[in-house]
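Spelled out, the chains give:
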Amino acid sequence: MSKHDATGAIHGLILAGGRGTRMGRVDKGLQPFRGATLAAHVLRRFAPQVTDVTINANRNADGYAALGAPVLADELTGFEGPLAGLQTGLRHTSAPLLATAPCDCPFLPEDLVQRLHEALVAQDADLALAVTMEADEAGAAHKQPHPVFSLMKTSVLPRLDAYLAGGGRRMDGWHGGLRVAEVLFTDAAAFRDIDTLEDLQREEAGVSAPRLADVTGALPGYDPHAVPVRQAQRIIGDFVRPVRGVEKVALRAALGRVLAADIVSPISVPAHDNSAMDGFAFAGDQLDDVHPTTLEVIGTVFAGRNAGLKPERGQCVRIMTGAVMPEGCDTVLPQEHAAGITEGSVTIAPQSVRPGDNRRHKGEDLMEGRAALTAGKLLRPADLGLIASLGIAEVAVRRRLRVAFFSTGDELRSVGEPLAQGCVYDSNRYTLYGMLTRLGCEVVDMGIVKDDPDALEAALVDACASADAIVTSGGVSAGAADYTRDIMARLGEVAFWTIGMRPGRPMAFGRVGAHGRDAFLFGLPGNPVAVMVSFYFFARPALLRMMGADAPADLRVQARSLEAIRKKPGRTEFQRGILTVEPDGTRSVRITGSQGSGILRSMTEANCIVVLPDERGNVAAGEPVDVLLFEGLV
């Protein structure tokens, strides 16, 4: 963005006043954080977005001035709050616009001012402020304003002066009478503040509580060189956390998204008792179990129309499917079941219909005030139809998960490049792209990273800046260069595992961070089949959890093995198979052939994975095995 709008410059103000009581009475902004101070991190992100920056601070002016920005103390006495600093900033700037940010939020969005400015202009507002949609502990979505992240016309100063003179002190209370534009940001984590020394220490470590070491240390017999599949899945599930960001989207855009809050039905569905058939509606207690019953037809009731008909004893109405049941009627005779129909009557044979048949009750599908769908639901086409039946046009969903991925290896070439001797085309990025896209993630393809420590570190740092999770392929085996471990350990906390499985033994998992942002890391092996198997059984369940999805890790069915399968107990094997359904409805499965981890063709021929757990040995022909279907998964 240009640092000037049509009327002039945008001045920036970092609010660093206050008493620092939650930081041991030491200024928050001067607390050390990841090689600098909190205020330095804020300044680094904020300064490129504005023309110039001033820092509002009431103590330690020299410490703040060392950051290279002018320092102003509050002019309002007896109150050390952000409004006092804002008043001082407005009084001393000559720019027509003032942007504000707090000193304790080092993760603020790099497009903060640009987006606030666009809304200010588009809505002809006096002030624009950032808001996020977040989910509380119960899963309910709510709008969270962030009034210290704002952009305003400096002409609002008289309104602020009057509010403060009247004793007002709330940061979100002085906007009355102003035109305010709210700008929705989807990354709630970008607005988190470091409010206490405990927050600072946790963020300084670069990982969220619990630490990976805490999770693994609580497991008896944990050995990173011999990790069972179930144990690795448990560790990952206990460590990852859902993203907090929530946004509202139109119903048509909600397919495949994760519901952030319960959908509570505002109406009963159906809203009235109605007919499930085209036929004749009447009171069922008139039926005779022995003799035919003949009823007078007094009119016709159509769906969506109020006929106002009320049949009495000996009477009925012709009714269409979906039409509201007239008062006193509880039974519908399907037209094709009538024993006789004349212009003014219908005859019902004994026992051709029972009282209460073919009537849909009010609220039979959904009752007003009850949850139609619960938070965490991954929305499918049927769910969209259900929500539409309630008259709801927008839903709150978790923001899309952003996943960066790249392949490592000097031998890899991208599709379209010449293939030198000893080199191979990179297929893993394409399979990862497909699996991540089908999962509903926003994907960031970072290409191929060479076997070079500087290149790997740069790629991980870049990925942290833009993604919630990073998926790599290659470079995690026992023969990988030592720098891989060193770099990942320096950027965060990563465990290197040898998992008791085939294919795909080596894997790295943890969390890495840089420049105030961090991401979960899934370091998958390099062989193509091993990448897909490892992704499905470890990365996919974790990403679903990060999405906030209440989804099962996998759905297995049983099938009869058509052949003997050799296997040693002690490790889990995932073998590619072809599942067929026999004429009698039973399932059978056969192995595709060679199960080498580099034979990608076997994955295209297969339609399932045969799962043989640790404790299982050889499988005899005809024995049942667990099977995971590919369709919809990979």
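- The protein has the name Molybdenum cofactor guanylyltransferase in an unreviewed UniProt entry, where Pseudoduganella flava is given as its organism.
- Recorded in UniProt for the protein, the comment headed Cofactor (unreviewed entry) runs: "Mg(2+)".
- Turning to the protein, the UniProt annotation filed under Subunit (unreviewed entry) states: "Monomer."

Considerations on the overall build of the protein
No. 1: A tally of helices and strands in the protein yields 14 helices and 36 strands.
No. 2: Each of the three principal axes of the protein carries a C-alpha extent, and together these read 105 × 75 × 50 Å.
No. 3: Among the 634 residues that make up the protein, the fraction classed as buried is 50%.
No. 4: Within the protein, counting contacts between residues at least 6 apart in sequence, those at least 24 apart form 72% of the total.
No. 5: Carbon together with sulfur atoms contributes 50% to the accessible area of the protein, which is approximately 28,500 Å² in total.
No. 6: With 65 positive and 76 negative side-chain charges, the protein shows a spacing of 2 Å between the two charge centroids.

Describing the state of the cysteines
No. 1: Following the criterion strictly, the structure yields 0 disulfides and no others.
No. 2: Take Cys103: it sits in no disulfide, and the sulfur closest to it among the cysteines is that of Cys105, at 8.2 Å.
No. 3: Unpaired in terms of disulfides, Cys316 finds its nearest cysteine sulfur in Cys329, a separation of 8.1 Å.

Here's the deal with the sheet that holds strand β19 (residues 345-348)
No. 1: Taken together, 6 strands build an open sheet; the order of strands is β17-β14-β16-β15-β19-β18 and the sheet is mixed. This sheet does not close on itself; its edge strands, each paired only once, are β17 (331-334) and β18 (340-341).
No. 2: Taken together, the 4 bridges between strand β14 (residues 279-282) and β17 define a ladder with antiparallel strand orientation. Opposite Gly279, over in β17, you have Pro334 as the bridge partner.

Some remarks on a negative patch on the surface
No. 1: Taken together, the side chains of Asp410, Glu411, Asp451, Asp452 and Asp454 define an acidic patch exposed on the protein surface.
No. 2: Along the chain, the position of Glu411 falls in the loop between β23 (402-408) and β24 (412-413).

Digging into the pattern of salt bridges
If charged atoms from side chains of opposite charge come close, those side chains can pair.
No. 1: Inspection of the entire model under this criterion finds 26 salt bridges.
No. 2: In this structure, Arg91 engages Glu75 in a salt bridge whose closest nitrogen and oxygen atoms are separated by 3.1 Å. Of this pair, Arg91 sits in helix α3 (residues 82-92) while Glu75 sits in the loop between β6 (71-72) and α3; the two residues are 16 residues apart in sequence, bridging distant segments of the chain.
No. 3: Where Glu327 meets Lys310, a salt bridge forms, and the shortest distance between an N and an O atom there is 3.5 Å. With a gap of 17 residues between them, Glu327 in the loop between β16 (315-319) and β17 and Lys310 in the loop between β15 (293-301) and β16 connect regions that are remote in the sequence. Exposure class is identical for Glu327 and Lys310. Each is exposed.

Observations concerning the packing of α3 against helix α5 (residues 157-165)
No. 1: Between α3 and α5, whose axes approach to 10 Å, the crossing angle comes to 145 degrees. For α3 against α5, the interelement crossing comes out left-handed. Contacts between α3 and α5 involve Leu83, Leu86, Gln87, Leu90 and Arg91 from the first element and Leu157, Leu160, Asp161, Tyr163 and Leu164 from the second.
No. 2: Grouping the amino acids of the contact of α3 with α5 by side-chain chemistry returns 7 nonpolar, 1 polar and 2 charged.

Conventions and cut-offs
Residues numbered from 1 in each chain as written. Predicted model: local features only at pLDDT ≥ 70, side-chain atom pairs only at ≥ 80, totals over all residues. Heavy atoms only, no water. UniProt positions renumbered as here; feature names shortened; annotations may be inferred. Helix = DSSP H or I, 4+ residues; strand = E, 2+ residues; numbered from the N terminus. Buried < 20%, exposed > 50% of the residue type's maximum accessible area, 1.4 Å probe, protein only. Contact = heavy atoms within 4.5 Å. Areas by Shrake-Rupley, 256 points an atom, 1.4 Å probe, with all protein chains shown as cover. Lys, Arg positive; Asp, Glu negative; His and termini not counted. Charge placed at Lys NZ, Arg CZ, Asp CG, Glu CD. Disulfide = S-S within 2.5 Å. Pairing = 2+ DSSP bridges. Patch = residues over 30% accessible without salt bridge, like charges linked within 9 Å, V, L, I, M, F, W, Y side chains within 5 Å. Salt bridge = Lys/Arg side-chain N within 4 Å of Asp/Glu carboxyl O. Axes fitted to C-alpha atoms, helices over the stretch in contact; angles between N-to-C directions. Left-handed = near helix turned anticlockwise from the far one by under 90°. Nonpolar A, V, L, I, M, F, W, Y, C, P; charged D, E, K, R; others polar.

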